[in-house]
Amino acid sequence: MASSTSIKSRHVAVIGAGAAGLVAARELRREGHSVVVFERQKQVGGTWIYTDHVESDQLSVDPTRIVVHSSVYDSLRTNLPRECMGFRDFPFAIRSGESRDQRRFPSHGEVLAYLQDFGKEFGIEELIRFETTVVRGSPAAKIDGGEGIGKWRIESTEKEKKIHCDEIYDAVVVCNGHYIEPRLAEIPAITIVFHNLSKISGDDISRDIAGFAKEVHVASWSNPADTYIKQTGHPNLWMHSMIERVLENGSVVFQNGKTVLAHVIMHSTGYKYDFSFLDTNGSVTVDDNRVGPLYKHIFPPPLAPSLSFVGYHVIPFPMFELQSKWIAGVLSGRIMLPSKEDMLMEIKNLYATLEGEGIPKRYTHSLGINHFEYNDWLASQIWVLRNRGVEERDVFDEFHEEDGESGDV
Ligand code: FAD
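Residues numbered from 1 in each chain as written. Predicted model: local features only at pLDDT ≥ 70, side-chain atom pairs only at ≥ 80, totals over all residues. Heavy atoms only, no water.

Q: Please provide a residue-by-residue account of the environment of L344, values included.
A: By the secondary structure assignment, L344 is in helix α5 (residues 340-356). Note on L344: relative accessible area 38%, which makes it partly exposed. Along the primary structure L344 and S332 are separated by 12 residues, whereas in three dimensions their C-alpha atoms are 22 Å apart. (Helix = DSSP H or I, 4+ residues; strand = E, 2+ residues; numbered from the N terminus. Buried < 20%, exposed > 50% of the residue type's maximum accessible area, 1.4 Å probe, protein only.)

Written out as structure tokens, the structure is:
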């Protein structure tokens, strides 16, 4: 730990005012940094801002399309219980009021309301430049008097008045979300095709659609090749192994040998990380959805600590908070990072372990059950006790065992 006299206050740009950006801004300011949050939408909440607009290109591949940031759909309820979705000192508690959803797995609107409440409670909105898009972030010359942290040039455009800003910051925290650029399965198809969401949302939606469609057939790479199972509770919903090919007449052939004539194919194949506005001179790359190299999924060693990323999750909100506290402490000099060489070595070892276990690069940031150890490690760095009455791990285990009130995960 550094002595109190060596604590530094930095000028920090946070990109995005979703859950990650909001809590990052709070933690940075608590640590004594000055913070500007850039948000291209009109309000806080990111992916939880529901709209019934859909993109004109249903596969979301046309770069000139008008992007609809939210992938939330009308009937969506959370797939985590609300106890797992609160920040430490601002739990996602049941609020009174007619418009509030008091269910344990509330609707998307309740999550948005919670994030808006959080923004107000901690005065985050005053730090945000709404309708302002960061169009480019690039390392600026080191003019820091040898304090060991590189500067960043942030170029942004405000939508209404078309004001273009070009500013220098001590550090950038990237909280831009990752539900915009779709990852698509390579399926030659002549049927109607569109991209929806992640596998989890795909599972949710398939159950919703089963209430209206004649038949729903779900293919998943995680199912063994001979899988052909009728989903309990849904007489018209079938689980299959992967799709082998799609015939010219629209018939889908699964690895299990079954063939189905499909009218619509929906890709629930997730999204690609996209940091195209960041120019890091190749220091950070995205390779098969592995963002790297990132020490502890946050700091790219060549540019640490002035560049950091908040995101990647199983139980997102508590993790965002721990990541943000760590970043804030590292930037002030209160918490020390290992040497760049040691950080790179750890990342190299992680990659080797994943490769040894046959885990594709795109799952590098899918921490799965290791999520809890990761959070514990972050907590040990920032000197907080993770147990706040309700431990996320207990709740997570509980709802996995009982298959959840929403039946989602
Ligand atoms: P986002 O919410 O996407 O916010 C990113 C923000 O950055 C946006 O507001 C965007 O406008 C802004 N931005 C991006 N680029 C720029 C730029 N260049 N300049 C300025 N601003 C920019 N999590 C749960 O905990 N429970 C759930 O039940 C759950 N269900 C989900 C269901 C769906 C369908 C989806 C898509 C996600 C779900 N999640 C759930 C995960 C969810 O993504 C996280 O909870 C969390 O909201 C992500 O927050 P974020 O801040 O990382 O990203």
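Q: Can you lay out helix α6 (residues 371-382) for me, pointing to particular residues and giving the numbers?
A: Compared with the 16 Å implied by 1.5 Å per residue over 12 residues, the 17 Å span of α6 between its first and last C-alpha is a close match. All of the buried residues along α6 are H371, F372, Y374, N375, L378, A379 and I382. Buried residues in α6, looked at end-on, bunch into an arc of 160°, giving them a common side. Once α6 finishes, W383 follows within two positions and takes phi at roughly 60°, a positive value. (Expected span 1.5 Å × (residues − 1). Arc of directions from axis to C-beta.)

Q: Run through the sheet that holds strand β10 (residues 216-219), naming residues and quoting values.
A: Read from one edge of the open sheet, 3 strands run β10-β12-β11, paired in mixed fashion. Unpaired on one side and paired on the other, β10 and β11 (228-230) mark the two borders of the sheet. Pairwise comparison of adjacent strand axes, ignoring direction, gives a mean angle of 25° for this sheet. Looking at chain direction, β11 and strand β12 (residues 237-240) are connected through 3 bridges and run antiparallel. The residue of β12 that forms the bridge with K230 is W238. (Pairing = 2+ DSSP bridges. Axes fitted to C-alpha atoms, helices over the stretch in contact; angles between N-to-C directions.)

Q: Give a detailed account of α5, specifying residues and quantitative values.
A: Because an α-helix completes one turn every 3.6 residues, residues spaced three or four positions apart along the sequence face the same direction. Helix length check: α5 (17 residues) gives 24 Å between terminal C-alpha atoms against 24 Å at 1.5 Å per residue, within 8%. Of the residues making up α5, those classed as buried are M343, I347, Y351 and L354. Considered in projection along α5, the buried side chains sweep an arc of 75° and stay on one side of the axis. Exposed side of α5, more than 90 degrees from the buried face: E341, K348 and G356 are the residues found there. In this fold, the buried residues of α5 make contact with β19 (290-292). (Contact = heavy atoms within 4.5 Å.)

Q: Give a detailed account of the packing of aromatic side chains, specifying residues and quantitative values.
A: According to the stated counting rule, one finds 18 aromatic pairs in the structure shown. Ring geometry for F90 against F122: centres 5.8 Å apart, planes inclined by 75°, an arrangement best described as edge-to-face. Of the two residues, F90 is situated in the loop between β2 (34-38) and α2 (108-121) and F122 in the loop between α2 and β3 (128-129); the sequence distance between them amounts to 32 residues. Summarising the aromatic geometry, the rings of F92 and Y114 are spaced 4.7 Å apart at their centres and angled 35° between planes, so their arrangement reads as tilted. Residue F92 is found in the loop between β2 and α2, and its partner Y114 is found in helix α2; the two are separated by 22 residues along the sequence. Of the two residues examined, F92 and Y114, each falls in the buried class. Its guanidinium or amino end placed over the ring of Y228, K258 lies 4.6 Å from that ring's centre, counting from NZ or CZ. (Phe/Tyr/Trp six-rings, centres within 6.5 Å; stacked < 30°, edge-to-face > 60°. Lys NZ or Arg CZ within 6 Å of the ring centre and 35° of its normal.)

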